[in-house]
Amino acid sequence: MLNTAKIGERIKEARKNAGMLQEELGKVVEASQTVVSDLEKGRRQTIGIDTLNSIATATNTPVHVLLGFDVRTLAMEAIREQAPELAAQIEKEGLASLTDERCRAIVRIVLE
């Protein structure tokens, strides 16, 4: 189960990084400032996918980031599952040196 309080923290961070006030984000996603505030404070137990997509678009933040999924973690999970030898090599050499785009490319290659 996803932690809505953590998602709320990431929504707040994305909104601030986009230079938006809660009221401005609310207008863009067709919600009240109170709804945005409640989301950011984790007071809502659910968030609709359409709302989440609208927030992601408005703040120029990928949905996976709002949900707390790190591309490096996702890449390593895919690699461990599909190519354990490659995963061992990457872990030995370090994944931190790879860019997000390279991580995405690895996931695409491994899953093809």
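Structural notes, computed from the coordinates. Because the structure is a prediction, the values reported are computed rather than measured. (Residues numbered from 1 in each chain as written. Predicted model: local features only at pLDDT ≥ 70, side-chain atom pairs only at ≥ 80, totals over all residues. Heavy atoms only, no water.)

**Regarding the overall build of the chain**
Looking only at helices and strands, the chain has eight helices and zero strands in total. Traced from its N-terminal end to its C-terminal end, the chain shows the element sequence α-α-α-α-α-α-α-α. Within the chain, contacts between residues separated by at least 24 positions form 56% of all contacts whose residues are at least 6 apart in sequence. As displayed, the chain offers around 7400 Å² of accessible surface, 51% of which is attributable to carbon and sulfur atoms. (Helix = DSSP H or I, 4+ residues; strand = E, 2+ residues; numbered from the N terminus. Contact = heavy atoms within 4.5 Å. Areas by Shrake-Rupley, 256 points an atom, 1.4 Å probe, with all protein chains shown as cover.)

**A closer look at the pattern of salt bridges**
Scanning the entire structure with this criterion turns up four salt bridges. With its nearest N and O atoms 3.9 Å apart, the salt bridge here joins E9 to K6. Here K6 and E9 lie together in helix α1 (residues 4-17), a separation of three residues that amounts to about one turn. Given the relative accessible area of 45%, E9 is considered partly exposed. A relative accessible area of 41% places K6 in the partly exposed class. The salt bridge involving R15 is made with E40; its shortest N-O contact spans 2.5 Å. You can see R15 sitting in helix α1 and its partner E40 sitting in helix α3 (residues 33-40), a full 25 residues away along the chain. In this structure R15 comes out as buried when scored by relative accessible area, which is 7%. For E40, a relative accessible area of 6% translates into the label buried. (Salt bridge = Lys/Arg side-chain N within 4 Å of Asp/Glu carboxyl O. Buried < 20%, exposed > 50% of the residue type's maximum accessible area, 1.4 Å probe, protein only.)

**Topic: unusual backbone geometry**
Excluding glycine, most residues fall at negative phi; most peptide bonds, likewise, are trans. Unusually for a residue other than glycine, E30 sits at a positive phi of about 60°. Here N60, not a glycine, exhibits a phi torsion of approximately 55°, which is positive. Structurally, N60 is set in the loop between α4 (49-59) and α5 (63-67).

**Observations concerning α4**
Each α-helix turn comprises 3.6 residues. Residues three or four places apart therefore point the same way. Within the sequence span of α4, burial applies to L52, I55, A56 and T59. Taken end-on, α4 shows its buried residues confined to a sector of 100°, consistent with a single buried face. Along α4, exposed side chains directed more than 90 degrees from the buried face belong to D50 and T57. Of the surrounding secondary structure, the elements contacted by the buried residues of α4 are α1, α2 (22-28), α3 and α5. (Arc of directions from axis to C-beta.)

**Points about the nonpolar core**
Membership of the largest hydrophobic core comes to 13 residues, with the highest contact counts inside it found for I11, L25, I55 and L66. Elements represented by at least two residues in this core include exactly α1, α3, α4 and α5. Aside from chain neighbours lying at most four places away, what touches I55 is I11, L25, V29, L39, I47 and L66. M76, I79, A87 and I106 belong to the second largest nonpolar core, which has five residues in total. (Core = buried A, V, L, I, M, F, W, Y, C linked by side-chain atoms within 4.5 Å.)

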